[in-house]
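# Results of the structural survey
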Amino acid sequence: MTLSNNLPGCPAQHDTDALPVNIAQALVRQWISPLVATERVPLREALGRVLASPIDSPLAVPAHDNSAMDGFAFSSAALQAASAASTSSVPELELAVVGRALAGHPWRGDVGSMQCVRITTGAWLPDACDTVIPHEQVEQTPHAIRFSAAAVRGGANCRRAGEDLQAGQIALTAGRIVRAADLGLLASLGISTVNVRRRLRVAFFSTGDELRSPGEPLDPGCVYDSNRHTLFALLQRMNCDTLDLGIVRDEPAALDAALRTAVAHADVVLTSGGVSAGEADFTQTLLQTRGEIAFRGLALRPGRPLTFGRIHPDKPAESPADGQLDTTRATLFFGLPGNPVAVMVTFALIVRDALLALAGAQPQPVTLLGARSRVLLRKRAGRTEYPRGIASRGSDGQWQVAPTGSQSSGALNTMSEANCFIVLSHEQTDVSPGEMVDIMLFDGLF
Ligand code: AMP
Ligand code: MG
């Protein structure tokens, strides 16, 4: 089959029976323009959401010069005066303690050139002071401290106003996904509400007459539907609103009805199963009547039978009840394979990036590490393979990896045991034991 020919910058046709993964990724990106709707949410609800606009710091951080240590604050002029007055190569200083500056309780009085104030970490430096000596480096008498001038340099142990961020400087860029440190940073700037992109609405369903839901009896020839649960987990992790449309029978009318519901309520629809020979035909017919197919089939294992396209809305003028959905937009369609591991691989390689782009997020590259293969890995050039593996650090401190047991694309148990994919690129051939390969850690991915 051929690709739709409306892909800017792309050749009009590909042999999509073996579309390389990197080309598929590029095609998907070309079909996606980020959603524009935004909403203002309370600070904590911004966790995991995509920033709609950059955050300019409303304050300097720190707001005022302050102490980085518990100790005594004084003017560095005292160090110079002591050096000038002393004949010793290491002059001693004695400073009178005239007050206390505590965090939240600045010292408002004067501090003379041979005076100091006791100060705690984070407390504002009194105006006349620019240096702090930690308390363990001084000898204390009831009203004074004594220390060697060599113990501290002028300006030491102070944090300067604006050292971390200047007022007006961009603290976080648009498209950033808010993580724990960002939430803390926003709070440190006094920001209590945040402008974020709206969540994606993703509908999903499983297709197959053989599928049963957990809790139901398992009829002869049937299997339990695991894909909907895996997809639910993957989508939750990406902070999407999900619409679970259940199990759909292998019948054109049922499929059509499910797709109509998905299109009316979601930005994206993910189906699993029904994309291999035979069953695929009516999915394809439906998509071609109501939208376009970008590609069908990847040079990828597991995950070959992936279909990507879009479905146009039924009646653009009629908005459904759920507010922000742009009903004039096409709904993106990902027809994932039925095999449960292939669902996870295609999600990781294709769907994840697509959802991030649609959500207006900056790309979130997954961590790749180099690891020594512990075994021979059979691989033929011409397709990308993602065997699942267990990576650990060897006694030499280097990462090493071996595939988990069965690499059948139906075997979820070995997927569950694994902690990474072994990345065998399109052109890669057999990997000998001891050879280096890339691994993609599941942490940060699933
Ligand atoms: P299909 O792509 O529909 O030909 O399915 C390929 C294989 O995946 C078959 O063995 C199906 O039974 C299995 N499969 C399809 N959908 C699911 C599902 N939702 N959960 C578990 N296995 C499935
Ligand atoms: Mg099927």
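Residues numbered from 1 in each chain as written. Chains lettered and ligands numbered in written order. Predicted model: local features only at pLDDT ≥ 70, side-chain atom pairs only at ≥ 80, totals over all residues. Heavy atoms only, no water.

### Focus on the side chain of R49
- Within the fold, R49 resides in the loop between β1 (38-42) and β2 (55-56).
- Owing to a relative accessible area of 5%, R49 belongs among the buried residues under this scheme.
- Within the local environment of R49, its side chain forms a polar contact with the backbone oxygen of R197, the two atoms lying 2.9 Å apart.
- Non-local contacts of R49, meaning those with residues more than four positions away in its chain, are made with E39, V41, R176, I177, V178, V196, R197, R198, R199 and N239. (Helix = DSSP H or I, 4+ residues; strand = E, 2+ residues; numbered from the N terminus. Buried < 20%, exposed > 50% of the residue type's maximum accessible area, 1.4 Å probe, protein only. Polar contact = N/O pair within 3.5 Å; in protein donor to acceptor, adjacent residues only side chain to side chain. Contact = heavy atoms within 4.5 Å.)

### A word on the pairing of strand β21 (residues 331-336)
- With six of six residues buried, β21 lies mostly within the body of the structure.
- Sheet analysis places strand β17 (residues 268-272) next to β21, joined by five bridges and oriented parallel. Within β21, the residue paired with T271 across the bridge is G335.
- Strand direction decides the pairing type here: strand β20 (residues 307-311) and β21, joined by five bridges, are antiparallel. Its bridge partner being in β21, I311 is matched across the sheet by T331. (Pairing = 2+ DSSP bridges.)

### Points about the pairing of strand β22 (residues 368-373)
- Relative to strand β27 (residues 436-441), β22 runs antiparallel, the two being bridged by five bridges. Bridging from a neighbouring strand, L369 pairs with I439 of β27.

### A few points about the packing of helix α4 (residues 227-237) against helix α7 (residues 340-358)
- Packing of α4 against α7 brings their axes to within 11 Å, and their N-to-C directions diverge by 30°. Viewed along their axes, α4 and α7 adopt a mutual orientation that is roughly parallel. By crossing handedness, the relation of α4 to α7 is classed as right-handed. Contacts between α4 and α7 pair N227, T230, L231, L234 and L235 from the former with P340, V343, M344, F347 and L355 from the latter. (Axes fitted to C-alpha atoms, helices over the stretch in contact; angles between N-to-C directions. Parallel < 35°, antiparallel > 145°, perpendicular 65-115°, else oblique. Left-handed = near helix turned anticlockwise from the far one by under 90°.)

### Quick look at the sheet that holds β27
- Spatially, the five strands close up into a barrel ordered β22-β25-β24-β26-β27, and their pairing is mixed. When the angles between neighbouring strand axes are averaged without regard to direction, this sheet yields 50°.
- Bridge analysis of strand β24 (residues 388-393) against strand β25 (residues 399-403) gives five bridges, and the strand direction is antiparallel. Directly across from A391, in β25, lies its bridge partner V401.

### Let's talk about unusual backbone geometry
- Between V61 and P62 the backbone carries a cis peptide bond, its omega angle lying at -10°.
- Within the secondary structure, P62 sits in the loop between β2 and β3 (66-67).
- Its identity is not glycine, yet N157 carries a phi of approximately 60°, on the positive side.
- Residue position: N157 is located in the loop between β9 (144-148) and β10 (158-159).
- By relative accessible area, N157 is classed as partly exposed at 25%.
- A positive phi angle, near 65°, is found at N239, a position not held by glycine.
- Inspection of the secondary structure puts N239 in the loop between α4 and β16 (241-248).

### Considerations on the domain arrangement of the protein chain
- Here the protein chain is partitioned into domain 1 (16-37 + 198-358), domain 2 (42-60 + 164-196), domain 3 (66-159) and domain 4 (368-441).
- Of note, the centres of domain 1 and domain 4, computed from C-alpha atoms alone, are 28 Å apart.
- Opposite the 15 residues of domain 1 that make contact, domain 4 presents 15 residues.
- Summed over both partners, the interface of domain 1 with domain 4 buries about 1200 Å², with 71% contributed by carbon and sulfur atoms. (Domains from an automatic or database assignment. Buried area = accessible area lost by both parts, 1.4 Å probe.)

### Comments concerning the pattern of salt bridges
- Applying the stated criterion across every chain, the model contains 20 salt bridges.
- Across the salt bridge formed by D353 and R352, the nearest N and O atoms sit 3.6 Å from each other.
- For D353, a relative accessible area of 31% puts it in the partly exposed group.
- Connected through salt bridges with shared partners, the residues D256, R260, R290 and D314 form a single ionic network. (Salt bridge = Lys/Arg side-chain N within 4 Å of Asp/Glu carboxyl O.)

### As for the nonpolar core
- The biggest cluster of nonpolar side chains holds 52 residues, and the ones touching the most others in it are L270, F295, F334, I350, L355 and F421.
- Taken together, the elements giving at least two residues each to this core come down to α1 (21-30), β13 (201-207), α4, β17, β18 (291-296), β21, α7 and β26 (420-423).
- Among the elements that line this core, the one with the most residues is α7, at 13 residues.
- There are two domains that each give this core at least three residues, and those are domain 1 (16-37 + 198-358) and domain 4 (368-441).
- Core analysis: the second largest hydrophobic core is formed by 16 residues, A46, L165, L186 and L189 among them. (Core = buried A, V, L, I, M, F, W, Y, C linked by side-chain atoms within 4.5 Å.)

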